[in-house]
Every structure is written in structure tokens, then in C-alpha cells.
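If you want the building blocks of each chain, they are given just below.
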Amino acid sequence: AQKITQTQPGMFVQEKEAVTLDCTYDTSDQSYGLFWYKQPSSGEMIFLIYQGSYDEQNATEGRYSLNFQKARKSANLVISASQLGDSAMYFCAMRGRSYNTDKLIFGTGTRLQVFP
Amino acid sequence: DSGVTQTPKHLITATGQRVTLRCSPRSGDLSVYWYQQSLDQGLQFLIQYYNGEERAKGNILERFSAQQFPDLHSELNLSSLELGDSALYFCASRGGEGETQYFGPGTRLLVL
């Protein structure tokens, strides 16, 4: 079965500092995708970054980068130069291609708080 | 703005009632997914449609049903509502060869 584990219920970071949010995954699929979404207090789910299992380079999107270590089955999100607006819940998710669906499986999330 | 729209934004109803949640995917996206986010269960996949046909079911109760119409919008019907059905319901869509599912703003359902 596929599973996403986020072990940090909450994280604090000072503005302008970098922060790493941990994510480990378990799957028997050879081809899969890993995603990070941000959920601010308003509730919407905002896509941040995607990493394919066959991508050789770590994905980057602006201040977001994904530290993908396939052998360790980890896909940590790194946010550089944190801003107050980064305070939110962050979810790691995985997409497999099993049983005719590409549904997302989510972790339990990490609440990030950025302080001045 | 993801391009996915959901209505209504908020819904308050009573136990035993039936409600319909509506989703319009991004223009041209054929795949629509429904997810439920609750405090005790987290984010869970409910059901997926592709171009009008049901593709997969997840942890969707028999009291819940969905469909995708020819114009690709989708509706999630929740009946015989219980207190435990209170949750945030998301619709997401994905198109073409893209990998990413884009989420709508969600419908927050409160069952009293």
C-alpha cells in the first residue's frame, strides 16, 4: 500500500531563514509523482511543486525546492527566505498509477509558522 | 486562482438532509477528483471521473454519489447526512499529460 509520512506536526522559522519540511513515502510503484501543497488558514489547497520519480534533478519553483532522495524514499520541501505569508499547513502527497487511478495520497501535514 | 470553481463555498444543513456540491474543472481538463478533508480522517480521496465516466472510487460512503456531466462539470451528492459528514470537500482537476491536480477552493459543509 502507498503511504506518506510527515513526522513534524509543527515547525517554527524566523522570517528570511530557510526551513525544511520532512516527507517520507512508501510505494511499490516504479513510476510515481510527489507533490507539495500549501493550505493557508483560508482553506484552499495551493499547488507548490512536483517531482517525478524518474526526474534526475531536484525540482525547484522559485523559493521552493524539493530535496528528492529516492533511495531513502524522502521528498523534503525546502523553503528559502521564509516570509510571513508562508505560515500555513503544508501537505506532501504522492500519485501512483495503480488500479486505474492516479489519485493523490496525502500525509497528515505540517503546520509552519513564520515569525518576524 | 487555480481555475477550478466550487459552489457553494459554505453549506449548513441538518442531519438526514441531502446536499449537492458542484465543481467546474479548469477549462479543458477531463479528469475530476473529489476529496474530503476532516479533522479525524485527514485528506481522503473519494472518487474520480474522466470525461464523464467513473474511473475509481476511494473511501466514499454509499450515501454519497457523484457524476460528471457532458460539459465536464461534476456534482457530489451527499444524502442522509450525519454529523460526521461535516468536512471540507475539495474538487480537483487534471488535464492532458500534466501531472498536477489543481484544487478548487472547497465547500465547507457543516451538519447540525
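Counting restarts for each chain, with residues numbered from 1 along the sequence as it is written. Chain letters start at A and ligand numbers start at 1, both assigned in the order the entries are written. Predicted model: local features are reported for residues with pLDDT of at least 70 only, side-chain atom pairs are reported and counted for 80 or more only, and whole-chain, interface and lining totals are derived from all residues. Water and hydrogen atoms were dropped before computing side-chain values, which therefore reflect all heavy atoms in the structure.

Quick look at the overall build of chain B now. Across its full length, chain B carries zero helices and eleven strands. Put simply, chain B runs from its N terminus to its C terminus through helices and strands in the order β-β-β-β-β-β-β-β-β-β-β. Principal-axis analysis of the C-alpha atoms places the extent of chain B at approximately 40 × 25 × 25 Å. For the exposure calls, accessible area comes from a 1.4 Å probe over protein chains only, and a residue counts as buried if that area is under 20% of its type's maximum, exposed if over 50%, partly exposed in between. Taking all 112 residues of chain B together, 50% fall into the buried category. When checking whether two residues touch, look at their non-hydrogen atoms; a contact exists if any pair is within 4.5 Å. A fraction of 53% describes how many contacts in chain B between residues 6 or more apart in sequence connect residues 24 or more apart. Only DSSP runs of H or I reaching four residues or more are called helices, and only runs of E reaching two or more are called strands; each is numbered from the N terminus.

Let's shift gears to the layout of surface pockets. The gaps of empty space that remain are located by a probe, the size of a water molecule, rolled over the atoms. In this model, the largest pocket occupies a volume close to 720 Å³. Phe91(A), Gln37(B), Ser38(B), Leu39(B) and Gly42(B) are, among the 31 residues lining the largest pocket, the residues nearest its centre. Elements represented by at least two residues in the lining of the largest pocket include exactly strand 10 (88-96) and strand 11 (104-106) of chain A together with strand 4 (31-38), strand 5 (42-50), strand 9 (87-94) and strand 11 (107-111) of chain B. At four residues, strand 5 of chain B tops the list of elements feeding residues into the lining of the largest pocket. Residues are grouped as follows: Ala, Val, Leu, Ile, Met, Phe, Trp, Tyr, Cys and Pro are nonpolar; Asp, Glu, Lys and Arg are charged; all remaining types, including Gly, are polar. Residues that form the lining of the largest pocket fall into these classes: 14 nonpolar, 13 polar and four charged. A 1.4 Å probe that fits into a set of points on a 1 Å grid over the protein atoms alone but cannot get out defines a cavity; an open set with protein on both sides within 12 Å along at least five of seven lines defines a pocket, and lining residues are those with an atom within 4 Å of a point. Grid points are joined across faces, edges and corners, and a volume is the space filled by probe spheres set on the points.

Before going further, it helps to spend a moment on the sheet that holds strand 1 (residues 5-7) of chain B. Two pairing modes exist for strands in a sheet, parallel and antiparallel, and in both the strands are linked by backbone hydrogen bonds. All names here are of chain B. Ordered by their spatial adjacency, four strands build an open sheet running 1-3-8-7, and the pairing between neighbours is antiparallel. Sheet topology places strand 1 and strand 7 (64-68) at the edges, where each strand pairs with a single neighbour. For this sheet the average axis-to-axis angle between neighbouring strands, irrespective of direction, equals 15°. Only strands joined by at least two bridges in the DSSP assignment are considered to pair. Pairing geometry for strand 1 and strand 3 (residues 19-24), over three bridges, is antiparallel. When the sheet's bridge partners are listed, Thr5 is paired in strand 3 with Ser24. Helix axes are fitted only over the stretch in contact, all axes being lines through C-alpha atoms; the angle between N-to-C directions runs from 0 to 180 degrees.

All names here are of chain B. Turning to its location among the elements, Asp85 is positioned in the loop between strand 8 (74-78) and strand 9. Taking the C-alpha atoms as reference points, Asp85 and Leu112, separated by 27 residues in sequence, lie 10.0 Å from one another. The residues contacting Asp85, other than those within four sequence positions of it, are Gln36, Leu61, Arg63, Phe64, Ser80, Leu109 and Val111.

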